[in-house]
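# Topology and contacts: notes
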Amino acid sequence: MANLLKSASETNILIVDDTPDNLRLLTKILESQGYIIRKSLNGRMALQAAYRYPPDLILLDINMPEMNGYEVCQQLKASKTTDQIPIIFISALDQINDKVQAFELGGQDYITKPFQELEVLMRVKNQLLIKQQYQQLLEQNQRLEHEIQERLKAEADIRQLSLTDDLTGLYNRRGFFWLANQQFKIARRTQMLCCLLFVDLDGLKQINDSLGHEIGDRIDR
């Protein structure tokens, strides 16, 4: 498997379980790999912790008093602050319906109790890797979108320069024919009259020759 894009010492994991022994065991397993671990004994504490400082991953027990894991998951997925955090459900429930519900609510994985250390570590590592690769893909897409917009803008600028006079900002010969062609098409399609007016500035060459191009440019403007 490829190495994690983010080191374990920089990875924050929130464990939610109302059984202290489970919290201690999972904490020991994950801290042995260098992960930063935060713990919550109930759903409300977990939501507050996740909103205040979103973790990289959440291990979430299902059977808890007051607010079960399914309800916690629903609230996490309903918030823009936490909706992208991967959730691994942890439970003694091993029925297919329990697992299906967990995935339908947005859970990414499911670990059954009693915990097997290697399984916990591999499932955690897989979800962290998937999340970080997804984030990397989003960043690449954003860079690509930015590059596309920059290229489109550059092409538009080049096109504008090819159609207009740099000094006056008016359409040059190419721009004139392009614009005239567009207007003729519109007139033909709408059956409206179209008039063409051509204006030229006489004597500009003599001004440039006698007074200099700087004076000619001022008049041309």
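Here goes a summary of the coordinates provided. A quick note: this is a predicted structure, and the numbers were derived from the prediction, not measured. Along each chain, numbering runs from 1 in the same order as the chain's sequence is written. Reporting of local features is limited, given that this is a predicted model, to residues whose pLDDT is at least 70; pairs of side-chain atoms are given and counted only at 80 or more, and all residues count toward the totals for whole chains, interfaces and linings. Based on all heavy atoms of the structure, the side-chain values leave hydrogens and waters out of the count.

## Structural notes on the environment of proline 55
Worth spelling out the cut-off: By definition, any uninterrupted DSSP run of H or I lasting at least four residues is a helix, any uninterrupted run of E lasting at least two residues is a strand, and each is numbered from the N terminus. Whether two residues are in contact is decided by their heavy atoms: any pair within 4.5 Å suffices.
Relative to the helices and strands, proline 55 is located in the loop between helix 2 (43-52) and strand 3 (57-61). Separated by 40 residues in sequence, proline 55 and isoleucine 15 have C-alpha atoms that sit 9.9 Å apart. Beyond its immediate stretch of four places on either side in the chain, proline 55 contacts Asn12, Leu14, Arg38, Ala50, Ile85 and Lys131.

## So, a nonpolar patch on the surface
Inclusion rule: Surface patches are defined over residues having more than 30% relative accessible area and no salt bridge, joining like charges when they lie within 9 Å and nonpolar side chains (Val, Leu, Ile, Met, Phe, Trp, Tyr) when within 5 Å. Note on areas: Shrake-Rupley with a 1.4 Å probe; residue coverage comes only from the protein chains shown. Salt bridge, as applied in this entry: a Lys or Arg side-chain nitrogen positioned within 4 Å of an Asp or Glu carboxyl oxygen. Only protein chains enter the area calculation, which uses a 1.4 Å probe; residues under 20% of their type maximum are buried, those over 50% are exposed, and those in between are partly exposed.
There is a patch of nonpolar side chains on the surface, built from Leu144, Ile148 and Leu152 and spanning about 260 Å² of accessible area. On the secondary structure map, leucine 152 appears in helix 5 (residues 117-163). Leucine 152 sits in the partly exposed class, given a relative accessible area of 45%.

## Quick look at the pattern of salt bridges
With the rule as written, the count across this model stands at 6 salt bridges. For lysine 113, the salt bridge identified is with aspartate 17, shortest N-O distance 3.2 Å. Note that lysine 113 is positioned in the loop between strand 5 (109-112) and helix 5 and aspartate 17 in the loop between strand 1 (12-16) and helix 1 (20-31), a separation of 96 residues in sequence. When its relative accessible area of 0% is taken as the criterion, aspartate 17 is described as buried. One salt bridge in this structure joins arginine 123 and glutamate 119, with 2.9 Å as the shortest N-O distance. One end of the pair is arginine 123 and the other is glutamate 119, both in helix 5 and 4 residues apart, which spans about a single turn. Owing to a relative accessible area of 28%, arginine 123 belongs among the partly exposed residues under this scheme. Via salt bridges that share partners, Asp17, Asp61 and Lys113 belong to a single interconnected network.

Note that all results are geometric; they support no functional claim without further evidence.
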